[in-house]
Amino acid sequence: VMPTTSGTGAEMNPGLICANSEGHKSATIHGASDVITDPHYTMGLPKSVTANTGIDAFAHAVESMANSSAMPNLMADVVNVEAARLAFKYLPIAYEDGSNVEARTQMSFAALLGGMSLRLRKTGFGHLIANQVSDAYHYPHGMGVAIGLPAFIRYYAAKNEKWIGMMAKALEIPCGDDADFKEVGAQIIKTVDKWLKSLGAKSMKELEIPEEQQEFLSRQYDEVMYQSIQERECRQIAHLMEQKEYG
């Protein structure tokens, strides 16, 4: 495998999802045994592709962080924080200046680490929302991720202090032992929202998703989260989404 974007992390995953000539997803195959990651292959990417794939890399790390209690893994903690930190810092630079070699290099590394995050812990319900949007309306995966990610962040910023601490480190938001986690969580939400906006991320309304679907994903957001724990890749976060809260 030789990645030509900085986002999917397929170079580090045990499987690859392929698409046919009509763009429909098909079989999953075993991942590559040999990988060459060369950021120069990403230098010509359009801004939209740079943003969509980079947001995906960021989300892989951010969502995987939330599984730290259900799936304790110190290496995963380190990988998640560093992947999120690199993507948060360098994606806006690569977005504005696609010829910036340093930014492209760091984003290639962030995507690779994001792929490791997937391998070590998997993503959460943010990707479930993203897949609903992208599969139903044929938007790029990263556009769907940019819709699911804010919902995911708002949920965990309100109740998971360990996740808040790791996110604060990645975003360089002060968070000492005596920190007000509610306030830090609010800062994380504000910071990521601003970051996504700077990358041209669009809302469901801006993507012209039908109003009834917008209402489903907004008002029945808890149901979507509960459904996510039924997904094979999201079962490990069930401890944070007990059935009694969603029944």
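Throughout this description, residue numbers start from 1 for each chain and increase along the sequence as written. Local features in a predicted model are, by the rule used here, given only for residues with pLDDT of at least 70; side-chain atom pairs are given and counted only at 80 or more, and totals for whole chains, interfaces and linings are based on all residues. As a rule here, side-chain values cover all heavy atoms of the structure and leave hydrogens and water aside.

K.L.:
For this particular structure, what's the right way to read unusual backbone geometry?
P.N.:
What you tend to see is this: most non-glycine residues have negative phi, and most peptide bonds are trans. Despite not being glycine, Glu172 has its phi angle at roughly 60°, a positive value. Secondary structure counts use DSSP, requiring at least four H or I residues in a row for a helix and at least two E residues in a row for a strand, with both numbered from the N terminus. Locating Glu172 in the fold gives a position in the loop between helix 6 (161-171) and helix 7 (181-198). If you check the backbone angles, Glu208 has positive phi at about 60° while not being a glycine. Position of Glu208 relative to the elements: it lies in the loop between helix 7 and helix 8 (211-219). Taking the relative accessible area as the measure of exposure, Glu208 reaches 69% and is therefore exposed. Partly exposed residues are those whose accessible area sits between 20% and 50% of the maximum for their type, while under 20% is buried and over 50% is exposed, using a 1.4 Å probe and protein chains only.

K.L.:
How do you make sense of the pattern of salt bridges when you look at a structure like this?
P.N.:
Note that side chains of opposite charge can pair when their charged atoms are close. Between Lys or Arg on one side and Asp or Glu on the other, a salt bridge is scored when a side-chain nitrogen of the former is within 4 Å of a carboxyl oxygen of the latter. A complete count under the given rule lists 5 salt bridges for this structure. For Glu82, the salt bridge is made with Arg85, and the minimal N-O distance between the two is 2.8 Å. Taken together, the positions of Glu82 and Arg85, both in helix 2 (residues 74-96) and 3 residues apart, correspond to about one turn of that helix. Among the residues examined, Glu82 registers a relative accessible area of 25% and is labelled partly exposed. Look at Arg85 and you get partly exposed, because its relative accessible area is 24%. Through salt bridges that share partners, Asp77, Arg121 and Lys162 make up one connected network.

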